[in-house]
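Remarks on the overall topology
Here's the letter readout for the chains.
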Amino acid sequence: MTKKAVQNLFLAGILFLLYLPVLILAVYSFTDTSMIGRIGHFSLHNYRFLLEAEELRQMIAGTLILALVVAVLSTLLGTFGAIGVFYSKGKWSRIVQFMNQIPVVNADVVTGFSVCVLLIVFFHMDKNTYIPLVIGLVSLCSPFVYLSVLPRLKQLDPQLYEAALDLGCSPMRALFKVVLPQLVSGIVSGFMMSVTLTLDDYFISTYTKPSVFDTISTYVVNATKGARTEIKTALWALSTVIFIIVVLTVIIMNISAEKKKEEMR
């Protein structure tokens, strides 16, 4: 019991230190102070300004649209890439798995600079078309979708697909009717991961985005270098909203997974 208590206490301490900065930011987002560390009164001014400021609304809307587009493309590439690798054999399967690990372990700044050199310098793509930005973020996100879907594929009975073919399904119908429904949890996890990575990425977005466009990450970094006080404090509120949405999403996904496990029992 003592060992278990020490382990739980250690885990609680790590979680406390990990989330303490976010909690402090959330507390100060509900005050009228303009500096963390000062004592202020309760206020919803930061949240009202977040909703009223046209500049912030456009930035958030643009980032969300970009995140959804990148997530859809990354989910398609990562899902069908994982299916193709799983059902293929030989050296090509091992080569693809090896190549997929490179963007995952590679530094984000290296990936961003490489995409910039390849697309903008070598292929002379115009940054104002948003194509380099989307390609760069998809190249970052799709390997994580692949890693989310592949474990689910390994849990499947490999004979399900062949059985569907023997029963008269075409390969495409067997894929959509038998294989993909079994991968929904992995696909959803990969999609949410892509959205999160797009919102979080700074280096790829900085190197490839149009000059007139800002994502949440690039806007926040630039705002710390001289933006108005109202914008800086409104970003506290934005960070709190994002954190709450992420927590609620994780809770809902875990509850849904637990219900599915109980139904299977």
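The structure reproduced in this document is the subject of the present report. Quantities reported herein were computed from a predicted structural model and do not represent experimental measurements. (Residues numbered from 1 in each chain as written. Predicted model: local features only at pLDDT ≥ 70, side-chain atom pairs only at ≥ 80, totals over all residues. Heavy atoms only, no water.)

Brief notes about the overall build of the protein chain
Using the following cut-off: The helix and strand labels rest on DSSP assignments: H or I over at least four residues marks a helix, E over at least two residues marks a strand, and numbering proceeds from the N terminus. Residue exposure (1.4 Å probe, protein chains only): buried if accessible area is under 20% of the type maximum, exposed if over 50%, otherwise partly exposed. Only heavy atoms enter the contact rule, under which two residues are in contact if any of them lie within 4.5 Å.
From N to C terminus, the protein chain includes 12 helices and 0 strands. Counting helices and strands in the order they occur from the N terminus, the protein chain gives α-α-α-α-α-α-α-α-α-α-α-α. Considering only C-alpha atoms, the protein chain reaches an extent of 70 × 65 × 35 Å along its principal axes. Residue burial in the protein chain is summarised as follows: out of 265 residues, 33% are buried. Contacts in the protein chain between residues far apart in sequence, at least 24 positions, make up 71% of those at least 6 positions apart.

Focus on the side chain of Thr208
Condition: Polar contacts here mean pairs of N or O atoms no more than 3.5 Å apart (in protein, one a potential hydrogen donor and the other a potential acceptor; neighbouring residues in sequence count only if both atoms are side-chain atoms).
Within the element layout of this structure, Thr208 appears in helix H10 (residues 203-208). Note on Thr208: relative accessible area 0%, which makes it buried. Within polar-contact distance, the side chain of Thr208 engages the backbone oxygen of Ile204 at 2.6 Å. Thr208 has contacts with Val115, Cys116, Ile120, Lys127, Pro132 and Leu133, leaving out every residue within four places of it along the chain.

A few points about the side chain of Ser148
Take Ser148: it is sitting in helix H6 (residues 131-155). In this structure the side chain of Ser148 is engaged in a polar contact, spanning 3.0 Å, whose partner is the backbone oxygen of Phe144. Those residues in contact with Ser148, other than ones at most four positions away along the chain, are Gly186, Ser189 and Gly190.

Notes on the packing of helix H7 (residues 159-166) against helix H8 (residues 171-179)
In helix packing, the relevant descriptors are the interaxial angle and the interaxial distance, both defined with respect to the helix axes. Threshold: Each axis is a line fitted through C-alpha atoms, taken for helices only over the stretch in contact, and angles between the N-to-C directions span 0 to 180 degrees. Oblique is the label for any angle not under 35 degrees, not over 145, and not in the 65 to 115 range, which are roughly parallel, roughly antiparallel and roughly perpendicular in turn. In this scheme the handedness of a crossing depends on how the near helix is turned from the far one: anticlockwise by less than a right angle means left-handed, clockwise means right-handed. Residue polarity is assigned by list, with Asp, Glu, Lys and Arg as charged and Ala, Val, Leu, Ile, Met, Phe, Trp, Tyr, Cys and Pro as nonpolar; anything else, Gly included, falls into the polar class.
The geometry of H7 relative to H8 is characterised by a closest axis approach of 9 Å and an angle of 130° between their N-to-C directions. Taken together, the axis directions place H7 and H8 in an arrangement best described as oblique. Here H7 and H8 pass one another in a crossing that is right-handed. The residues of H8 that touch H7, namely those facing Leu160, Tyr161, Ala164 and Leu165, are Pro171, Ala174, Leu175, Val178 and Val179. Residues belonging to the contact of H7 with H8 are distributed by class as follows: 9 nonpolar, no polar and no charged.

Overview of unusual backbone geometry
Negative phi is the rule for most residues except glycine; trans is the rule for most peptide bonds. Backbone geometry places His124, a non-glycine residue, at a positive phi of 55°. Within the fold, His124 resides in the loop between helix H5 (108-122) and H6. The exposure class of His124 is exposed, given its relative accessible area of 64%. Unlike most non-glycine residues, Tyr130 shows phi in positive territory, near 70°. Here Tyr130 shows up in the loop between H5 and H6.

A closer look at the packing of aromatic side chains
Note the following rule: A pair of Phe, Tyr and Trp rings is counted when the ring centres sit within 6.5 Å of each other, with Trp represented by its six-membered ring. The angle between the planes then sorts it: under 30 degrees is stacked, over 60 is edge-to-face, the rest tilted.
In total, this model carries 11 aromatic pairs according to the counting rule given. Ring geometry for Tyr28 and Trp236: centres 6.5 Å apart, planes at 80°, overall edge-to-face. Within this pair, whereas Tyr28 is found in helix H1 (residues 2-28), its partner Trp236 is found in helix H12 (residues 229-264), the two being separated by 208 residues in sequence. The same class applies to Tyr28 as to Trp236, namely buried. Summarising the aromatic geometry, the rings of Phe30 and Phe42 are spaced 6.2 Å apart at their centres and angled 5° between planes, so their arrangement reads as stacked. Residue Phe30 is found in the loop between H1 and helix H2 (45-52), and its partner Phe42 is found in the loop between H1 and H2; the two are separated by 12 residues along the sequence. Taken together, Phe30, Phe42 and Tyr47 form an aromatic cluster joined through their ring pairs.

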